[in-house]
Structure formats: structure tokens, C-alpha cells
There are 2 protein chains.
Amino acid sequence: MGRTAGRTPEDTRRLLIAAAAEVIRARGAGATLDDIAAHAGVSKGGLVYHFASKDELLRALAQSRLDEFRGWIDAELDPDDEAPGRYTRAYIRALLAPEQDQAAARESIALIAQLMTIPAVAEIARADALRLDADLRADGLPPEVLRLVVAAADGANMAPFWGGDLGGEDELRQLERRLIRLTREPALWQNLPWDRD
Amino acid sequence: MGRTAGRTPEDTRRLLIAAAAEVIRARGAGATLDDIAAHAGVSKGGLVYHFASKDELLRALAQSRLDEFRGWIDAELDPDDEAPGRYTRAYIRALLAPEQDQAAARESIALIAQLMTIPAVAEIARADALRLDADLRADGLPPEVLRLVVAAADGANMAPFWGGDLGGEDELRQLERRLIRLTREPALWQNLPWDRD
DNA sequence: GTCTATACGTCGATAGAC
DNA sequence: GTCTATCGACGTATAGAC
């Protein structure tokens, strides 16, 4: 019999992933395995038993974040909404949802961006992005409207990461409403007199 | 007198920054000072003479990238364009300009994102972003149009970083044309029937 | 099967010779 | 101004307690 009290290996793994997220958020990029292990209440060797390398731990952390984000989209899906673009609308709401504060949003994005430098993480992130794009393309919106709306949502979401300060919360809410409106009535965008003048 | 042949300290610094960029692009995040120094033709100790720490070297690299990006915007400024939104149009062109290939764009963005995890780099990036936002806000466009256009350009620019695959080059060019059109005629966006339905 | 303790190799940083 | 030599810290690997 092992040494732990009532704690399954899965619990320990989750504990370690959560500790990694917290320590990296607090200490930044240079967080050590000792820090993470101590924060989870185990030794560094104990950590290595569950995750053979630091990269594997960070890969698991990245996967949990990607799954979490996918969960946010699903949570924003409106059961009464059966019209084309329903998934895109959930995507917009998930991306533009107000976070606790700007700093938290910036740190969360910085964490993902940082993990992207690990090849294994870049790979699963790319696979996730491809699946997400496929879901969005299957959502029934005209391609050029989808591209505009997704790009705008992505850009607005990334803004805090770069540290800029373009407009406040009210303007962000207005942008969210208008992007969602475009998904409901794509002709608004398509029928603008683009080639006149 | 020192030991070098005809090379000024400034030359050596530029050489080391260029070597850092190249080695990090090739080897990824784990590039060592030895690798970078060897690639520039000096020893690790020689590198450390010019940059007291690895962070300082990477800070200089980040600054050079930020300056380079600012230069791209200035290069896209149309001398004959005096209308409101001229700086925003240059910003859009600089961000959506086709790079050599998608992989190069992704690596370039990944480099910046990776450097952002260093506190000193995050600070200068934030200062740069604030100055850029101030320039954009002073460009004479209605705030809600500016926000949409900048968010869409940012998001389209970041797309390769996440590894997704939403549409091709032609669609990107169309998006660029339409965003620029909106800066020339903001009323197109403002006068849409947002609250109807 | 789960974890602790410990040893090993590498890297960033420092000191001092030339 | 650049080098060699060396130190301390970290990621990795492993032997063994329970």
C-alpha cells in the first residue's frame, strides 16, 4: 500500500496541475519544480513520479486550460438558439466575457502563450485550434462574416495581453452586441457598399 | 586596448541581438547563452560583458522587435493621405501584410509572446502598447469604429500563432480592404441598424 | 503503487587573467 | 574588451522506504 491518505493518483495529478498554474502565475516563467511540488504538498520526486518531465507537467496544464476554454464555449451555448451561427455566438460570448479584472485576463493569456513555446504544447494547441475552426466553419455563416467576427473577438480578447488601453468595459460590451448581431444578420455586413466611392 | 579587430561595441551588441533572434528561432525557448555567443563568434563571457544577464539581452531583442514593428507602420503611412484614420490604415496594412509564409509569422509572434514572460520585457511592451493606442486614438476615428478595426486586425494577425486555419490569403486581403474602407467611411459601420429586429 | 531522499549534468552568473 | 575557470541553482534520474 502506498503512502498517501485518501487521495487517488488522479487527485494528486489535479493537485499538481493546479499548483503549477498558481505558482507560475505568482512567480512567473521561472517557477521551479521544487516550488510547484512544495505548493502541492509533495516532494519534487513525488511530482516526477506523476509527470516524467517538466514539459509533460506543463503539457497537462495546457491541455486542462484548453479543455476549460472549450467548456466555457459550451456553457455559453444557448439551448433555444437553433439559427446558423449559434456556435460562433457562444464563442464570442466566451471570449469577451468580462473576467475578474484586466490583470487576471492578461496573466491567463500570458500563461498559454508561454506554454506555446514547448513543442508538445504547440502541437496540442494547434490540434485544438484546427478542431475549433472546423466547428466554426460548420456553423453556417458566410466565410467572410465568420472571419471578421472571429478575428475581432480574438483581437479584443488579446488586447489586455499586450497591455494597451483601447476603450473601456462599456465599449467592449457594445462590440460584443454588434458582433453577435452580425452573426444573426450576416447581410448587414455583406450588403455594405464595399466597392463604391 | 582591448582585443578585438575593427568592431565597435555597438556592432558587437547588434551582432549578439541578431544571433539571439536567430538561435531562439531555430532552437526554441531553450537556447543557451553558449549557443547564442558561439553563433555570434564570441565566448559566453564576451556576451556577458555586453549584456549583464540573459534577461537584459532578451530585453534588448524585444526592444529591437518593437522598434522594427513601429518602423513597419511608418513605412505604410501614405504621404498623400491626410484624412482622419491615416495612422490606423497604416497599422492595418502593417499587421495584415503578407509575411514570407505562415510559419515565419507564427514564429515571429511566438518570439514576442515568449519574451513577454520576462517582467522587464512586459514593461516596455506595455509602454509601447500605450503609446501606440494613444497614437491610434488621436487619429480622428469614432472610438467604436477604431475599436472594431483594431481588434479585427490584431485578431487576424494572431491567428497563425494559435495554429488555426480560418480561410486563406484571398479572404485576408478582402478583410484588409474592408477594414480600411471602414476607416475611410466610419458611417458605414455607425449607421447599421444595430437596434432593430 | 506512491512517495522521499539524494546524486548527476547543464546552464546562467561571477571573478579575474590577459 | 574578451577569455577561462568556477560556483550555485535547476531539471532530471534513480534507489529505496512504506
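Here is what the cut-offs are and how they apply
- Residues numbered from 1 in each chain as written.
- Chains lettered and ligands numbered in written order.
- Predicted model: local features only at pLDDT ≥ 70, side-chain atom pairs only at ≥ 80, totals over all residues.
- Heavy atoms only, no water.
- Helix = DSSP H or I, 4+ residues; strand = E, 2+ residues; numbered from the N terminus.
- Contact = heavy atoms within 4.5 Å.
- Phe/Tyr/Trp six-rings, centres within 6.5 Å; stacked < 30°, edge-to-face > 60°.
- Buried < 20%, exposed > 50% of the residue type's maximum accessible area, 1.4 Å probe, protein only.
- Buried area = accessible area lost by both parts, 1.4 Å probe.
- Salt bridge = Lys/Arg side-chain N within 4 Å of Asp/Glu carboxyl O.
- Polar contact = N/O pair within 3.5 Å; in protein donor to acceptor, adjacent residues only side chain to side chain.
- Nonpolar A, V, L, I, M, F, W, Y, C, P; charged D, E, K, R; others polar.

Colleague: Teacher, can you tell me more about the side chain of Arg70(A) here?
Modeller: With respect to the helices and strands, Arg70(A) occurs in helix 4 (residues 54-76). In this structure Arg70(A) touches Tyr87(A), Asp128(A), Arg131(A), Leu132(A) and Asp135(A), once residues within four positions along its chain are discounted.

Colleague: Can you help me understand the packing of aromatic side chains in this one?
Modeller: Note on aromatic pairs: each is described by the distance of the centres and the angle between the planes. One pass over the full model with this rule turns up nine aromatic pairs over all chains. Consider the rings of Phe161(A) and Trp162(A), whose centres lie 4.8 Å apart with planes at 65 degrees: the pair is edge-to-face. Given the relative accessible area of 23%, Trp162(A) is considered partly exposed. The interplanar angle of 90 degrees and the centroid separation of 6.4 Å between the aromatic rings of Phe69(B) and Trp72(B) together place this pair among those described as edge-to-face. Of this pair, Phe69(B) and Trp72(B) are both found in helix 4 (residues 54-76), three residues apart, which corresponds to roughly one turn of the helix. Taking relative accessible area as the criterion, Phe69(B) reaches 18% and is therefore assigned buried. A residue is classified by how much of its surface remains accessible, and Trp72(B), at 39% relative accessible area, is partly exposed. Site record: aromatic cluster; members linked through ring pairs are Trp189(A), Trp194(A), Trp189(B) and Trp194(B).

Colleague: Explanation requested: the interface of chain A and chain B in the structure shown.
Modeller: Reports often express the size of an interface as the amount of accessible area lost when the parts come together. Facing the 49 residues of chain A at the interface are 49 residues of chain B. Here chain A meets chain B over a buried area of about 4700 Å², counting both sides, of which 64% is carbon and sulfur. By the criterion of area lost to chain B, the three top residues of chain A are Arg147(A), Trp162(A) and Leu166(A), representing 18% of everything that side buries. Joining chain A to chain B, the criterion identifies two salt bridges. Taking the shortest distance from any N to any O, the salt bridge between Arg147(A) and Glu171(B) comes out at 3.9 Å. If you look at where chain A meets chain B, you find six residue pairs in polar contact (both at pLDDT 80 or more). Take the side of chain A that touches chain B: its biggest share by element is 14 residues, from helix 8 (residues 143-162) of chain A. Split into classes, the residues belonging to the side of chain A that touches chain B amount to 27 nonpolar, eight polar and 14 charged.

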